[in-house]
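Inside the fold
Spelled out from the first residue to the last, the chains are:
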Amino acid sequence: MTAGYLGRLLARLGLRRRPVALRPARTGDAGALAALHAGAFRLGWDGAEFDRLLANRLTRCLVATDGPGGAALGFILLSGVSPETEILSIAVSIARRGEGIARRLLEAAFGTLAAEGFRTVFLEVEAGNMPALRLYARAGFHEIGRRPGYYRGPAGEPVAAIAMRRDIA
């Protein structure tokens, strides 16, 4: 059963989830972001790494929450100098995947970045990460290159990184 299916089932039963709210990350979010990251990737970043990233003036992070003031459900983390930036990571809680949260985070980030003068967004994604590749393709990213063996798969096998780009202005 997928998270999207579960969400639709709950809605039909009248047990709707609170609407997802978006807000900028705060310094106290590092632990929650690390937990989300660990649930989404084989090698998660710890809270100290998120503290370091959030303290960097070049980093932007948007958090999706379970309603205003609710628990963190997802995030998008970017870093760069205008006119270019890079998506460092995007993650959504396993329980809430399939609801369009990652798409909302991308769209909101693009709006903020465009308003700040950013024109181009880059990212790297593991070649076998089909949900992420579909998300990025739908968001208008296109492949610009590959880095063979950049990642390691579950058994330690080399997996390519796909470099992607999208213009936002």
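The paragraphs below set out a description of the structure included in this document. (Residues numbered from 1 in each chain as written. Predicted model: local features only at pLDDT ≥ 70, side-chain atom pairs only at ≥ 80, totals over all residues. Heavy atoms only, no water.)

**Let's talk about the packing of aromatic side chains**
Per the counting criterion, the structure on display carries five aromatic pairs. With 5.5 Å between their ring centres and 70 degrees between their planes, Y136 and F141 make a pair best called edge-to-face. What makes F141 buried here is its relative accessible area of 6%. Three or more aromatic residues link up through ring pairs in this structure, and these residues are W45, F50 and F75. (Phe/Tyr/Trp six-rings, centres within 6.5 Å; stacked < 30°, edge-to-face > 60°. Buried < 20%, exposed > 50% of the residue type's maximum accessible area, 1.4 Å probe, protein only.)

**Thoughts on the nonpolar core**
Ranked by size, the top nonpolar core spans 29 residues in total, and within it I76, L106, Y136 and F141 carry the most contacts. Looking at this core, the elements that each hand over two or more residues are β2 (59-66), β3 (72-81), β4 (84-92), α4 (101-115), β5 (120-126), α5 (130-138) and β7 (158-167). Here this core gets seven residues from one element, more than from any other, and that element is α4. In this structure, Y136 is in contact with I90, L106, L123, V125, F141 and M164, ignoring residues within four places of it in sequence. Formed by 11 residues, the second largest nonpolar core is a distinct cluster that contains A30, L53, C61 and F75. (Core = buried A, V, L, I, M, F, W, Y, C linked by side-chain atoms within 4.5 Å. Helix = DSSP H or I, 4+ residues; strand = E, 2+ residues; numbered from the N terminus. Contact = heavy atoms within 4.5 Å.)

**Observations concerning the sheet that holds β2**
Judged by pairing direction, the sheet is mixed, and its seven strands sit side by side in the order β1-β2-β3-β4-β5-β7-β6 without closing on themselves. Looking along the sheet, the strands with just one partner apiece sit at the ends: β1 (20-24) and β6 (142-152). Direction aside, the axes of adjacent strands within the sheet are offset by 25 degrees on average. Relative to β5, β4 runs parallel, the two sharing four bridges. Looking at β5, one finds that E84 is bridged to T120. Helix α2 (residues 30-40) rests against β2, β3 and β4 of the sheet, and its axis sits at about 95 degrees to β3. Running over the sheet, α4 touches β1, β2, β3, β4, β5 and β7 and is turned about 35 degrees from β3. (Pairing = 2+ DSSP bridges. Axes fitted to C-alpha atoms, helices over the stretch in contact; angles between N-to-C directions.)

**Focus: the pairing of β5**
Of all seven residues in β5, five are buried; the element is thus mostly enclosed. For the segment spanning β4, α4 and β5, crossover handedness is right-handed. Of the pairings in the sheet, the one linking β5 to β7 comprises seven bridges and is antiparallel in character. Of the residues in β7, the one forming a bridge with E124 is A163. (Right-handed = clockwise from strand over helix to strand, strands pointing away.)

Purely geometric stuff here, so don't read any function into it on its own.
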